[in-house]
Every structure is written in structure tokens, then in C-alpha cells.
Amino acid sequence: MIISWNTTNSCNLSCQHCYRDAGVKMEDELSTAEGLNLIDEIAKAGFKIMIFSGGEPLMRRDILTLVEHAVKRGLRPVFGSNGTLIDINMAKNLKKSGVAAIGISLDSIDFQKHDRFRGHSGAWKQAVKGMELCKEAGLPFQIHTTVVDWNYPEIEDITDFAVNAGAIAHHVFFLVPTGRGVDIESETLRAEKYEDLLKRIMLKQQKVPIELKPTCAPQFIRVAEEMGVKTRFSRGCLAGTDYCIISPVGNVQPCAYMEISAGNVRETAFSQIWKESTVFNRLRTMEYTGSCGSCSYSRICGGCRARALFYSGDFMAEEPWCQHKE
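Since the model is a prediction, treat every value here as computed from it, not as a measurement.

Student: Would you take a moment to explain the overall build of the protein for this structure?
Tutor: A count of helical and extended segments in the protein gives 12 helices and 10 strands. Each principal axis of the C-alpha atoms in the protein carries an extent, and together these give about 55 × 45 × 35 Å. Expressed as a percentage of the 326 residues in the protein, the buried residues total 59%. A separation threshold of at least 6 residues defines the contact pool for the protein, and within that pool the share at least 24 residues apart is 70%.

Student: Is there a simple way to explain the environment of T84 in this structure?
Tutor: Here T84 shows up in the loop between strand 3 (76–81) and helix 3 (88–97). Judged by relative accessible area, T84 falls into the buried class, the value being 11%. Residues T84 and I104, 20 residues apart in the sequence, show an inter-C-alpha distance of 8.8 Å. At 2.8 Å, the side chain of T84 forms a polar contact with the side chain of N12. Of the polar contacts made by the side chain of T84, one reaches the side chain of N82; its length is 2.7 Å.

Student: I tried to follow the pairing of strand 4 (residues 101–105) on my own but got confused; where do I start?
Tutor: Within a regular strand, side chains alternate between the sheet's two faces. The buried count for strand 4 comes to five of five residues, which makes it a mostly enclosed element. Residues A101, G103 and S105 of strand 4 are buried on one face, and the alternating residues I102 and I104, pointing to the opposite face, are buried as well. As paired elements, strand 3 and strand 4 share four bridges and run parallel to each other. When the bridges of strand 4 are listed, G80 appears paired with G103. Traced from strand 3 through helix 3 to strand 4, the parallel crossover comes out right-handed.

Student: Whenever I open this one, the sheet that holds strand 9 (residues 251–253) confuses me. Can you help?
Tutor: Sheet strands pair by backbone hydrogen bonding; their relative direction is either parallel or antiparallel. Pairing within the open sheet is mixed, and its 10 strands lie in the order 7-6-5-4-3-2-1-8-9-10. Strand pairing shows two members of the sheet lacking a second neighbour, strand 7 (211–215) and strand 10 (263–264), which therefore form its edges. As defined by bridge partners, strand 6 (residues 169–174) adjoins strand 7 across five bridges and the pair is classed as parallel. In the strand pairing of strand 7, V172 is matched with P214. Packed on one face of the sheet, helix 7 (residues 191–205) meets strand 5 (141–147), strand 6 and strand 7 and runs near 165° to strand 7.

Student: Help me understand the side chain of N9, please; the structure alone is not making it clear to me.
Tutor: Here N9 is to be found in the loop between strand 1 (2–6) and helix 1 (32–44). One polar contact links the side chain of N9 to the main-chain carbonyl oxygen of V24, over a distance of 3.0 Å.

Student: Could you clarify how one ought to interpret helix 2 (residues 63–72) in this entry?
Tutor: Turn by turn, an α-helix covers 3.6 residues, leaving residues three or four places apart pointing in a common direction. Within the sequence span of helix 2, burial applies to I63, L66, V67, H69 and A70. Each buried residue of helix 2 sits inside an arc of 160° when the element is viewed along its axis, so together they form one side. Close packing links the buried residues of helix 2 with strand 1, helix 1, strand 2 (49–53), strand 3 and helix 3. Directly after helix 2, the chain includes G74, whose backbone phi takes a positive value near 85°.

Student: Looking at this structure, how should I read the nonpolar core?
Tutor: Soluble, globular proteins show a tendency: their nonpolar side chains are buried together. F52, F174 and F270 are the most contacted members of the largest nonpolar core, which has 89 residues in total. Per element, the largest residue contribution to this core is seven residues, and it comes from helix 5 (residues 123–137). Once you skip the residues sitting within four places of it in the chain, F270 turns out to touch I3, L38, E41, I42, A45, F47, C244, I246, V252 and V265.

Student: When you look at the environment of V208 in this model, what are you seeing that I'm missing?
Tutor: Note that V208 resides in the loop between helix 7 and strand 7. Sequence-distant contacts of V208, defined by excluding residues within four places in its chain, comprise T159, D160 and V163.

Student: Explanation requested: the pairing of strand 8 (residues 243–246) in the structure shown.
Tutor: Residues of strand 8 alternate between two faces, with Y243 and I245 on one and C244 and I246 on the opposite face, all of them buried. Strand direction decides the pairing type here: strand 1 and strand 8, joined by four bridges, are parallel. Residue pairing for strand 8: I2 is matched across the bridge by Y243. Hairpin remark: strand 8 followed by strand 9, antiparallel, with four residues in the connecting loop; positive phi at G250, about 95°.

Calculation notes
Residues numbered from 1 in each chain as written. Predicted model: local features only at pLDDT ≥ 70, side-chain atom pairs only at ≥ 80, totals over all residues. Heavy atoms only, no water. Helix = DSSP H or I, 4+ residues; strand = E, 2+ residues; numbered from the N terminus. Buried < 20%, exposed > 50% of the residue type's maximum accessible area, 1.4 Å probe, protein only. Contact = heavy atoms within 4.5 Å. Polar contact = N/O pair within 3.5 Å; in protein donor to acceptor, adjacent residues only side chain to side chain. Pairing = 2+ DSSP bridges. Right-handed = clockwise from strand over helix to strand, strands pointing away. Axes fitted to C-alpha atoms, helices over the stretch in contact; angles between N-to-C directions. Arc of directions from axis to C-beta. Core = buried A, V, L, I, M, F, W, Y, C linked by side-chain atoms within 4.5 Å.

Listed below in C-alpha cells is the structure:
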């Protein structure tokens, strides 16, 4: 099971698609002591992989202390970062503290397009330098790309860049309109391009030595099976079943893009929320409606619950951008 903690809302960039609308630190973010207790609860609940994200997690001063505690509790800590704050000392300290890998965002091989999307001149150059320093420090890194209509044609080129840079994986995030992402909803891929890109990624997977994974595009499980492409993943959408996220102030959500609170860790122990939340337990029924409800792939795909919520108001409704109909 995988969990993501948005450790802070602070961020040095202003990305157009940010689901957290990050930038300024939120009032009353979880303290170090609360964070340590949260990690204990996460381990107690049976999670194995813990993603430290944000905002920008490297803006949190106690981040290495939190990572070290996660390691002591038997968790595998990984990061989601924009990569711009990584110098050689930080890369070495992350490695020393026990970080297993770090995901660094790169949305185009064209630095101007990336910088515009990330709202900061020089972001591309700094992110790529961060990758180089992680490699120098022996810290595995992977590239994270948010795909929208303008970078849709260059995803394979970014994969090639990832291979040449020494990345261990390239994860492609399909935009879900949440936070600032609502403002660029018109740039999201619709069904035809959505399906086409999944097929292109599966074809590319057969040609490169690193892992490719579409994220927030659970239909990739079906597409991989139809194309005979082997993948280590057995299910698409994990929201509320094998994954959840915790906000900087302790709100627990099924995923980053579903603004529905299952509880707050300041009021209820996380392990209890994970076990007893009505939101999570409804998701675990997998009793979807519409085309997802009648689909033979529903148990291994699940459809994007966040996209269903945004477009229909019901997180158990059908995935709106799926071409597969039965």
C-alpha cells in the first residue's frame, strides 16, 4: 500500500496545474511531533511506501528528521519534488537519511514550455541539474510528467530524455482538474487522445529499459493486457483501496485529486480513519455506476474516481474519458 503526505503547502514555484494550489505555507500545518506520530500511525495501518510531497517537501526544515523516522518504522520513503532546490549537499543528505528514490517533475524537453507551465524562469535548468546531482550522490530518481494537450506529442521524447539522464522510471500523470488545474481543464486529454497515448506508452515500454507508468489513467492496465505488455502493476485506480493522501493540516483524502475528507488525523487516529472511513469503505465496494459498473475490467482498472467526481459529482460514477465500452 502507498500513502502520500503533502508535508507543506509551501512551494517556490507556481505551477499551472497544482492540485494543492501551493505557494504559501498554510496556517497550522502538522508540526514535527504530529508528523512523527502520523508516521507511526501510517506504519500501524500497514502501509509500505510513503511519498513525501507538497507543495515542495524540501521547503520543510524537518524533512530529513521525518524521513529518518519513516525508515525506522519500516517504511520506504520516496519523494515527489520539482527538483529545483536540490544541491549536492541535499542530494547526499536525502540519500543518507534513507530516501529510496525521488520523483522530479519535467513536463517538456523544451525549457521554455516547462518554465511557463511551472511558473518560474529557470525551473527546467534547475530540475535537470537536480537530476544530475541525485545521480552523482547515488540517489535514484525518476521523471514525472503531467500530460496535457500541448505536450501530448512529445511524451516519448521525454522518455528518451529520462533514459539518457539515468532515470529509473518515467511516470506520466494525466491531468485531473483540481486546484489550479481547474483553470486549464480545457487542456486535458479527451477520450481519443487519452487512449492513443496509453497505447503509445505501452509501445514505448517495449523499447526502453526503464519503467513507464501512466498515473491517473487506470485504463493502462486494460491497454497493457490487450497489447500483451507485461507490467508489475495489477490495478489502475488505488484511491481508498491501497492509497490515500494526507494534507498539510491533516485531512485524509482518497487521492490528491478528490477533495473529499475521510477524516482528520488531529481528531481521529489515522489507522482508524483508514479502517473505518465511510468514504474509503464505499470505494472498496467497487460498486461503480454507468459504463464502469458493467465493464469486465472494473476490478483491475476501476476508472479514475477523481475524474468521475469532477465531471459528475459522484466518485462512484463512470470514468468520463474512457473509450472502452461493453
